[in-house]
Amino acid sequence: MRGYAMLKIGESGWIEKDKPELGPLDALVKPLAVAICTSDVHTLWEGAIGDRHNMILGHEACGEVVEVGACVKDFKPGDKVLVPAITPDWNSLEAQAGYSMHSGGMLAGWKFSNFKDGVFGEFFHVNDADGNLALLPENINPVDACMLSDMVPTGFHGVELADVQFGDTVLVIGIGPVGLMSVAGAALRGASRIIAVGTRPKCVEVAKGYGAGEFISYKDGPIADQVLELTNGEGVDRVVVAGGGCDTFIDAVKALKPGGKIGNVNYLGNGDYIKIPRVEWGVGMGHKDIRGGLMPGGRLRMEKLGSLVSSGRLDVAPLATHVFHGWDHLEEALFLMRDKPADLIKPVVVID
Ligand code: NDP
Ligand code: ZN
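The rules we used
Residues numbered from 1 in each chain as written. Chains lettered and ligands numbered in written order. Predicted model: local features only at pLDDT ≥ 70, side-chain atom pairs only at ≥ 80, totals over all residues. Heavy atoms only, no water. Near = heavy atom within 4 Å. Polar contact = N/O pair within 3.5 Å; in protein donor to acceptor, adjacent residues only side chain to side chain. Areas by Shrake-Rupley, 256 points an atom, 1.4 Å probe, with all protein chains shown as cover. Helix = DSSP H or I, 4+ residues; strand = E, 2+ residues; numbered from the N terminus. Nonpolar A, V, L, I, M, F, W, Y, C, P; charged D, E, K, R; others polar. Phe/Tyr/Trp six-rings, centres within 6.5 Å; stacked < 30°, edge-to-face > 60°. Buried < 20%, exposed > 50% of the residue type's maximum accessible area, 1.4 Å probe, protein only.

Asks: Can you walk me through the site of ligand 1 in this structure?
Replies: Residues in close proximity to ligand 1 total 26 residues, the closest being Thr38, Ile175, Thr199, Tyr218 and Asn266. Measuring from an oxygen atom of ligand 1, one finds a side-chain N or O atom of Thr38 at 2.5 Å. Within the contact set of ligand 1, an oxygen atom lies 3.2 Å away from a backbone nitrogen or oxygen of Pro177. In isolation ligand 1 has 940 Å² of accessible area, and contact with the protein removes 85% of it. If you list the elements that add at least two residues to the shell around ligand 1, you get helix H1 (38-45) and helix H6 (177-188). If you tally residues by element for the shell around ligand 1, the top one is H1, at three residues. Per-class residue counts for the shell around ligand 1 are 11 nonpolar, 12 polar and three charged.

Asks: Quick question: what am I supposed to make of the packing of aromatic side chains here?
Replies: For any two aromatic rings, the description comes down to two numbers: the centre-to-centre distance and the angle of the planes. All told, the structure shown has five aromatic pairs when counted by the stated rule. Between the aromatic rings of Trp14 and Trp327, the centroid separation amounts to 5.8 Å while the plane-to-plane angle is 85°, which identifies the pairing as edge-to-face. Of this pair, Trp14 sits in strand E2 (residues 11-16) while Trp327 sits in the loop between strand E15 (320-325) and helix H11 (330-339), and the two are 313 residues apart along the sequence. Relative accessible area serves as the criterion here: at 30%, Trp14 is assigned to the partly exposed category. Judged by its relative accessible area of 15%, Trp327 falls in the buried class. Taking the centre distance of 5.6 Å and the plane angle of 90° together, the rings of Phe112 and Phe124 count as edge-to-face. One end of the pair, Phe112, is in the loop between helix H2 (93-96) and strand E7 (124-126); the other, Phe124, is in strand E7, and 12 residues separate them in sequence. Neither residue differs from the other here; Phe112 and Phe124 are each classed as buried. Every member of this aromatic cluster is reached through a ring pair, and the members are Tyr4, Trp14 and Trp327.

Structure (structure tokens):
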């Protein structure tokens with residue numbers, strides 16, 4: 001089979017590989033559509049998870065089941081499926097402890113294009129198929145289905161980590177596709193006021209549609225100063241971090257009220273330490289929580305988030321700004337995600 005791979009840090013291209021072999025619990029899936037992620041950019045060009053040789057890239061897809069292992073009960077060839085970017089081992093101790101995304105070690109629930117070949121190939125392997133796949137609802141098209149692999153579950157996880165409550169004022173730092181889903185998730189959770197940080201006009205327009213009412217540019221001075229000015233010096237109840245870098249936490253802590261919570265889903269691709277401002281962290285006693293997490297994967301989450309889309313409560317269509325048809329456009333789509341032109345939110349390639 002053919003797959004589009006990371007050859008080494010900074011170099012990618014098409015390669016030939018054997019079809020993946022299946023264990024008794026696994027499934028072989030043929031992609032119906034794949035989406036490119038900022039994490040692919042971190043992996044390939046920044047080498048953020050270290051070097052990888054001839055590893056097929058990609059972790060966002062929906063597909064059709066081609067073959068299943070002998071012990072798979074709930075899926076059969078021909079089923080169209082949602083596929084989470086994170087595919088934990090559900091019988092691991094970490095999963096039993098409630099942290100399935102770390103099954104087998106920290107972040108090890110993230111397998112596609114990390115520990116094994118990803119989804120930018122003619123076929124891909126899904127471990128623990130009954131625990132990780134979900135049937136694709138009929139009224140969700142393959143492009144929207146790709147947004148359920150990672151963008152919805154990650155953006156919403158930022159909201160879960162920040163524990164957004166009814167009536168909260170929420171600051172969402174970063175409104176790429178992940179932060180846009182954090183805006184949408186915060187609105188669904190009952191935030192009364194959502195302040196968003198980002199500059200790309202297309203993202204600002206879409207964020208307004210999802211419920212952000214005020215906007216801040218990180219290019220116009222410290223984020224925290226601007227937030228404090230907007231909130232009469234009080235700050236916000238919750239912060240979701242979906243963009244920026246290590247120093248963003250300085251602003252997040254400064255912008256937060258005592259008792260507030262920060263939820264980070266940003267992938268910190270470089271830097272050694274995160275600084276916490278001593279005084280604004282209440283000299284160690286401010287009850288300002290900082291939590292960061294890889295999104296949970298798995299079937300139940302896919303089914304629940306899929307039902308939000310199929311019921312019409314969440315419209316993910318505005319995210320897919322660039323839709324291509326055919327594998328021949330995969331490289332173009334990947335390079336677009338690296339270059340991030342002003343009108344881009346998410347590139348998707350439909351395999352038809
Ligand atoms: P984008 O690059 O599309 O968006 C980043 C956002 O951050 C943009 O709005 C950008 O603004 C803003 N930004 C850039 N620099 C700063 C800064 N210095 N201060 C504040 N905001 C800034 O990324 P995605 O939405 O695709 O992904 C966001 C992050 O989430 C990535 O790091 C990605 O790897 C990670 N991720 C994490 C996952 C998880 O499970 N935890 C899963 C998937 C992704 P502007 O409008 O100016 O561009
Ligand atoms: Zn992703």
